[in-house]
Amino acid sequence: NELQKIQNKRATVQEILQDFEQKREMERKRKEVEAEMKHKAQEEEAERQQIAKKKQEEEAQRQALIAAKRYGRGKGIRYCLIEGDHVYKCFDETVTSMACGGNATILFYEGGGWAWTSGLPEQLHNKLNGRQETLPAPTYVAVGSQDRYYVSFADGKSQWVGCDKMTDLLYSTNRTVKTVAFGEDWCTYFVVFEDGWWQWGGTIPPGLSDIINRRKKRGDLECVSLGPNGEYYLEAKNGRAWWGGMTDENLAIASEHCNTIQFMD
């Protein structure tokens, strides 16, 4: 009996020890899992913070790029236009492209929208008015007299009305169009390409052709615009610009703002 009692006590002690060991092992595993989950949560939080920081940096870069583009385009206007007050109200720093021709002015915006005054070429008006939002947004526009225009879209496609020589040029070139200008008569145009090369037809103002010749016809142009009465504006990729053919009043305005002019039309 005594031996049996001792064996029973021993068995009881072993059960207690086994139970203790099991609980200790369970606690160890619990702490291990807890530590692993905590470490994983810390890693996930660090990753979230890193992603958030990257997004903030990307957003800051995006905003800086937008600001630089807006500065490069110009964030204010001086004008002498038909319906000028309406144009002034429509203009803001989100305007990506603006063109004046004949009696009309048209503006494109960053969000893909547009605004215009009366007198817009009918075909251009029909192309834009009621255009579905699912279609590629218009990105660039040029307007001339005699219902001439050029418009390009975000998918790289474009449409225009102009003389046959300009049409032949646009169909035959492998270059990407940067700007288009329409001159005094139907056959006068000036096209500048993204790579800086250019081509014109018709009769451009003598002052403009003199500048081109003095510069040895370099293929480094940023843009050219032409007016209906011999006005012109030329800008090179290095930022230098020339203009002429304007009235004394407009020349005085241009001289006043010569250090901040980004474009003239």
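Residues numbered from 1 in each chain as written. Predicted model: local features only at pLDDT ≥ 70, side-chain atom pairs only at ≥ 80, totals over all residues. Heavy atoms only, no water.

1. Quick word on the confidence of the model for the chain
Here comes step 1: Summing up the model confidence of the chain, the mean pLDDT is 92 and the portion of residues at 70 or higher is 100%.
Here comes step 2: The secondary structure element of the chain with the lowest average pLDDT is helix α6 (residues 248-256), at 88, and the one with the highest is strand β8 (residues 189-193), at 98. (pLDDT = per-residue confidence, 0-100. Helix = DSSP H or I, 4+ residues; strand = E, 2+ residues; numbered from the N terminus.)

2. Overview of the pattern of salt bridges
Here comes step 1: Taken as a whole and judged by the stated rule, the model has 16 salt bridges.
Here comes step 2: Between Arg24 and Glu21 there is a salt bridge, and its shortest N-O distance comes to 2.8 Å. Here the residue Arg24 and the residue Glu21 both occupy positions in helix α1 (residues 2-73), the gap between them amounting to three residues, near one helical turn.
Here comes step 3: Using a relative accessible area of 47% as the deciding quantity, one classes Arg24 as partly exposed.
Here comes step 4: With a relative accessible area of 37%, Glu21 lands in the partly exposed category.
Here comes step 5: With its nearest N and O atoms 3.3 Å apart, the salt bridge here joins Arg28 to Glu32. (Salt bridge = Lys/Arg side-chain N within 4 Å of Asp/Glu carboxyl O. Buried < 20%, exposed > 50% of the residue type's maximum accessible area, 1.4 Å probe, protein only.)

3. Side note on empty space enclosed by the protein
Here comes step 1: This structure, assessed with the given rule, holds one cavity of 30 Å³ or more.
Here comes step 2: For the lining of the largest cavity, the per-class residue count stands at two nonpolar, five polar and two charged. (1 Å grid on protein atoms, 1.4 Å probe; cavity = no way out; pocket = protein on both sides within 12 Å on 5 of 7 lines; lining within 4 Å. Points joined across faces, edges and corners; volume = space filled by probe spheres on them. Nonpolar A, V, L, I, M, F, W, Y, C, P; charged D, E, K, R; others polar.)

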